[in-house]
Amino acid sequence: MGVHRDQGLVIIGVPCNDFGSQEQSTNASINRFCELNFGVTFPLASKTKVKGRGQHPFYRWAEQQVGFVGKPRWNFHKFLVNKKGQLVEWFSPMTKPDAEKLVRAIERELAQ
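Predicted, not measured: the structure shown is a model, and the values here were computed from it.

Draft legend 1. Local environment of helix H4 (residues 100-110). Those residues of H4 that fall on the buried side of the exposure criterion are Leu102, Val103, Ala105, Ile106, Glu109 and Leu110. Along the axis of H4, the buried positions cluster into a sector of 160 degrees, meaning they face one direction only.

Draft legend 2. Representation of the packing of aromatic side chains. A full pass over the atoms with the stated rule returns 6 aromatic pairs. Ring geometry for phenylalanine 19 and tryptophan 74: centres 5.9 Å apart, planes at 50 degrees, overall tilted. With phenylalanine 19 in the loop between helix H1 (2-6) and helix H2 (27-38) and tryptophan 74 in the loop between helix H3 (57-66) and strand E1 (78-81), this pair connects stretches of sequence that are 55 residues apart. Ring pairs connect the aromatic residues Phe58, Tyr59, Trp61 and Phe79, which therefore count as one cluster. The lysine or arginine in question, arginine 73, covers the ring of phenylalanine 68, its NZ or CZ lying 4.3 Å from the ring centre.

Draft legend 3. Spotlight on the pairing of strand E2 (residues 87-91). Direction of pairing for E1 relative to E2: antiparallel, over a ladder of 4 bridges. By the bridge assignment, valine 81 is partnered in E2 with leucine 87. Between E1 and E2, which pair antiparallel one after the other, the connecting turn spans 5 residues, and glycine 85 there sits at a positive phi close to 85 degrees.

Draft legend 4. The arrangement of the side chain of threonine 95 in detail. Looking at where threonine 95 falls in the secondary structure, it is placed in the loop between E2 and H4. Apart from the residues lying within four places of it in its own chain, the contact partners of threonine 95 are Lys78, Lys101 and Leu102.

Draft legend 5. Geometry of unusual backbone geometry. The phi torsion at serine 21 lies on the positive side, around 50 degrees, for a residue other than glycine. Looking at the element boundaries, serine 21 is found in the loop between H1 and H2. For serine 21, a relative accessible area of 41% puts it in the partly exposed group. Even without being glycine, phenylalanine 76 reaches a positive phi, approximately 75 degrees. Looking at where phenylalanine 76 falls in the secondary structure, it is placed in the loop between H3 and E1.

About the cut-offs
Along each chain, residue indices are assigned from 1 in the same order as the chain's sequence is written. For a predicted model such as this one, the threshold for reporting local features is a pLDDT of at least 70, and the threshold for listing and counting side-chain atom pairs is 80 or more; totals across whole chains, interfaces and linings nevertheless cover every residue. Side-chain measures were taken over the full set of non-hydrogen atoms in the model, leaving aside hydrogen atoms and water. Throughout this description, buried means an accessible area under 20% of the type-specific maximum (1.4 Å probe, protein chains only), exposed means over 50%, and partly exposed covers the range between. Secondary structure is summarised from DSSP: a helix means a run of H or I of at least four residues, a strand means a run of E of at least two, and numbering begins at the N terminus for each. As used here, the arc is the angular range of directions from the helix axis to the C-beta atoms. The criterion for an aromatic pair is that two Phe, Tyr or Trp rings (for Trp, the six-membered ring) have centres within 6.5 Å, with stacked assigned to planes under 30 degrees apart, edge-to-face to planes over 60 apart and tilted to the rest. Whether a charge sits over a ring depends on NZ of Lys or CZ of Arg being within 6 Å of the ring centre and within 35 degrees of the ring normal. Here the rule is simple: two strands pair whenever DSSP picks up at least two bridges between them. It only takes one pair of heavy atoms within 4.5 Å for two residues to be counted as in contact.

The quantities given are spatial measurements derived from coordinates; they are silent on function.
This is the structure we're talking about:
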């Protein structure tokens, strides 16, 4: 994904504790863990509510765009937003970051 960064791709990780209470750490601990264990170099948001009461407005908006089937059901759900701020695609947690369909969608949007 590094080459895509040079083309304008911005990845933002959004930790949350909404799925099985898996993320109870502080923001600083989450950042350290992701850097050390996964080599994360992209920015991480503060821990955010992605569903239910107190849901962040982005996720409320994304749900309206993609409907019930496209809303996050577990960690590592991915949304692709284009340069115009339009949500163009979503990917389930099972989609790996280097999955061909995800890479193709990113490259298609960067080419526009």
